[in-house]
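# Working through the structure, step by step
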Amino acid sequence: MGNKIFEQLMLADGSKEMLSAEQESFVTTHRRIISCGNAAGRAFIDLARELQRMRDGKLYLAAGFDDFGEYVEQAVGLKQRQAYNYIKVAEKYTDKYLEEHAGYGVTKLALLASISDAEREGVEAGMDVESASTRELQERIRELEAERDEKQAQLSLFEEEKTKAEQNAASVQAAAEKSNEENEKLKKRVLKLGEEKTALEKQVQDLKNLPPEVKEVDNPETEAKLRAAEKARDDAIAAYESAKKQLAVASDESMMRFKVKFEDFQNIL
């Protein structure tokens, strides 16, 4: 609830005959305080803006000053740090905000300028900045910065874990694709050996159907052909046996590859 007497005095300001001497004196003094406060707020803004203009334009060089810090300390009577605080708030805030919050003072405004607008609004909602001490405001801002750092650390950890998970997923995918490729090659090899085995079985059977071996042949030409046929038969049988062994090895190899890859996938997952 507002102050009813104060509200009535402000409404009756135009009719001084209704006010007591004390009330009239109060209203007059109150109006002057508000006017001075507004002038102070405007002067505060003007000072901040003009210091910013002096620094950015390096106007102090025309007066023989080597740098901005030398100018403000010798010619204005401000500490360099304080002058930079004025410039900091001039760069951060609008004129409207500075007029409304000139009571904070330049030091508190500079502290608030170091945090985000959302954080500043949270500070203003949680404490009376104008009546709080500079130390209290510093402590509150340190708490906010610590909370911000903790959240940033959590975010970084999350991003790191996310990257690792993506890399593991890519490794599993690559391993699966490689395994599929190797399995396809092995399947083709087994199929080819099976075809060779079938062809050799036919050759062996054809050779078995040849007439019994002739120990002696009178005709040399006929004997040479016979010996060549016998050698072809023996080579075909040997190739057949070799194909059977290769096919068995390929089948065992396929099963072994499957077991190894299955164990690898289990470990990765």
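Residues numbered from 1 in each chain as written. Predicted model: local features only at pLDDT ≥ 70, side-chain atom pairs only at ≥ 80, totals over all residues. Heavy atoms only, no water.

### Thoughts on unusual backbone geometry
- Its identity as a non-glycine residue notwithstanding, K58 has a phi of 50 degrees, on the positive side.
- If you trace the backbone, K58 turns up in the loop between α2 (21–57) and α3 (68–76). (Helix = DSSP H or I, 4+ residues; strand = E, 2+ residues; numbered from the N terminus.)

### What about helix α4 (residues 80–92)?
- Between its first and last C-alpha atoms α4 spans 18 Å; for 13 residues at 1.5 Å apiece the expected length is 18 Å, and the two agree.
- Of the positions making up α4, those classed as buried are A83, N85, Y86, I87, V89 and A90. (Expected span 1.5 Å × (residues − 1). Buried < 20%, exposed > 50% of the residue type's maximum accessible area, 1.4 Å probe, protein only.)

### Things to note about the pattern of salt bridges
- By the definition in use, this model includes 10 salt bridges.
- As a salt-bridge pair, R140 and E143 come within 3.0 Å of each other at their nearest N and O atoms. Pair noted here: R140 and E143 are both in helix α8 (residues 134–208), with a separation of three residues, about one helical turn.
- The exposure class of E143 is partly exposed, given its relative accessible area of 43%.
- Salt bridges sharing partners connect three or more residues here, namely K92, D117, R120 and E124. (Salt bridge = Lys/Arg side-chain N within 4 Å of Asp/Glu carboxyl O.)

### Details of the layout of surface pockets
- Reported here for the largest pocket is a volume of approximately 160 Å³.
- Contributing to the lining of the largest pocket are R81, N85, K88, T107, A110, L111, S114 and Q138.
- Contributions of two or more residues to the lining of the largest pocket are made by α4 and α6 (106–112).
- A breakdown of the residues in the lining of the largest pocket according to their chemical character gives two nonpolar, four polar and two charged. (1 Å grid on protein atoms, 1.4 Å probe; cavity = no way out; pocket = protein on both sides within 12 Å on 5 of 7 lines; lining within 4 Å. Points joined across faces, edges and corners; volume = space filled by probe spheres on them. Nonpolar A, V, L, I, M, F, W, Y, C, P; charged D, E, K, R; others polar.)

### Topic: the packing of aromatic side chains
- Across all of its chains, the model carries six aromatic pairs by this definition.
- With centroids separated by 4.7 Å and ring planes inclined at 25 degrees, the aromatic side chains of Y93 and Y97 adopt a geometry described as stacked.
- Judged by its relative accessible area of 10%, Y97 is buried.
- Through pairs of rings, three or more aromatic residues link up here, namely Y60, F65, F68, Y71 and Y84. (Phe/Tyr/Trp six-rings, centres within 6.5 Å; stacked < 30°, edge-to-face > 60°.)

### Brief notes about the confidence of the model for the protein
- Averaged over every residue, the pLDDT of the protein is 77; residues scoring 70 or more account for 78%.
- Put simply, helix α9 (residues 220–268) is where the protein has its lowest mean pLDDT, 66, and α3 is where it has its highest, 91. (pLDDT = per-residue confidence, 0-100.)

### A short note on the side chain of E119
- Considering the arrangement of structural elements, one finds E119 in helix α7 (residues 117–126).
- The class for E119 is buried, based on a relative accessible area of 18%.
- At 3.1 Å, the side chain of E119 and the backbone nitrogen of S116 are in polar contact.
- If sequence neighbours within four positions are ignored, E119 has contacts with L144 and R148. (Polar contact = N/O pair within 3.5 Å; in protein donor to acceptor, adjacent residues only side chain to side chain. Contact = heavy atoms within 4.5 Å.)

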